Amino acid sequence: MTISSRDQVAEIVRGFVAGELNIDEAQLKDDTVLKELPGADSVRLLRIVSKLERHCETEFDDEDIFSSTTLDDLVTLVHGYVAAGV
């Protein structure tokens with residue numbers, strides 16, 4: 001997958017989160033706590049992670065995923081994996 005910037009990663013992550021939870025992307029701020037979003041539960045959050053893994057053609061470490069609390073944490077994680085080519 002070719003992603004040239006962190007902003008592109010943020011756009012992709014926001015889109016997957018908003019789509020899975022049926023919420024407006026405008027509700028998603030960098031400091032948004034993922035598990036506090038309307039409709040967010042462990043199954044839906046894992047679905048988001050799974051979709052991101054398929055989209056980015058990578059597999060995230062479980063410990064990294066569980067330490068991602070906010071939207072910005074998740075963007076940072078995904079960008080780090082994509083930038084490293086993991």
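Residues numbered from 1 in each chain as written. Predicted model: local features only at pLDDT ≥ 70, side-chain atom pairs only at ≥ 80, totals over all residues. Heavy atoms only, no water.

1. Some words on the nonpolar core
So, point 1. With 24 residues, the main nonpolar core has V13, V17, L37, F60, L74 and V78 as its most contacted residues.
So, point 2. In terms of residue count, the dominant contributor to this core is helix α4 (residues 71–84) (seven residues).
So, point 3. Excluding anything up to four places from it in sequence, L74 contacts V13, L34, L52, I65 and S68. (Core = buried A, V, L, I, M, F, W, Y, C linked by side-chain atoms within 4.5 Å. Buried < 20%, exposed > 50% of the residue type's maximum accessible area, 1.4 Å probe, protein only. Helix = DSSP H or I, 4+ residues; strand = E, 2+ residues; numbered from the N terminus. Contact = heavy atoms within 4.5 Å.)

2. What to know about the packing of helix α1 (residues 6–21) against helix α2 (residues 42–56)
Two numbers describe a pair of packed helices, the interaxial angle and the distance between the axes.
So, point 1. Axis separation between α1 and α2 bottoms out at 10 Å; the angle between their running directions is 140°. Taken together, the axes of α1 and α2 lie oblique to each other. As for how α1 packs across α2, the hand of that crossing is right-handed. Here I12, V13, F16, V17, E20 and L21 of α1 come into contact with α2, specifically with R44, R47, I48, K51, L52 and H55.
So, point 2. Across the contact of α1 with α2, the residue classes break down as seven nonpolar, one polar and four charged. (Axes fitted to C-alpha atoms, helices over the stretch in contact; angles between N-to-C directions. Parallel < 35°, antiparallel > 145°, perpendicular 65-115°, else oblique. Left-handed = near helix turned anticlockwise from the far one by under 90°. Nonpolar A, V, L, I, M, F, W, Y, C, P; charged D, E, K, R; others polar.)

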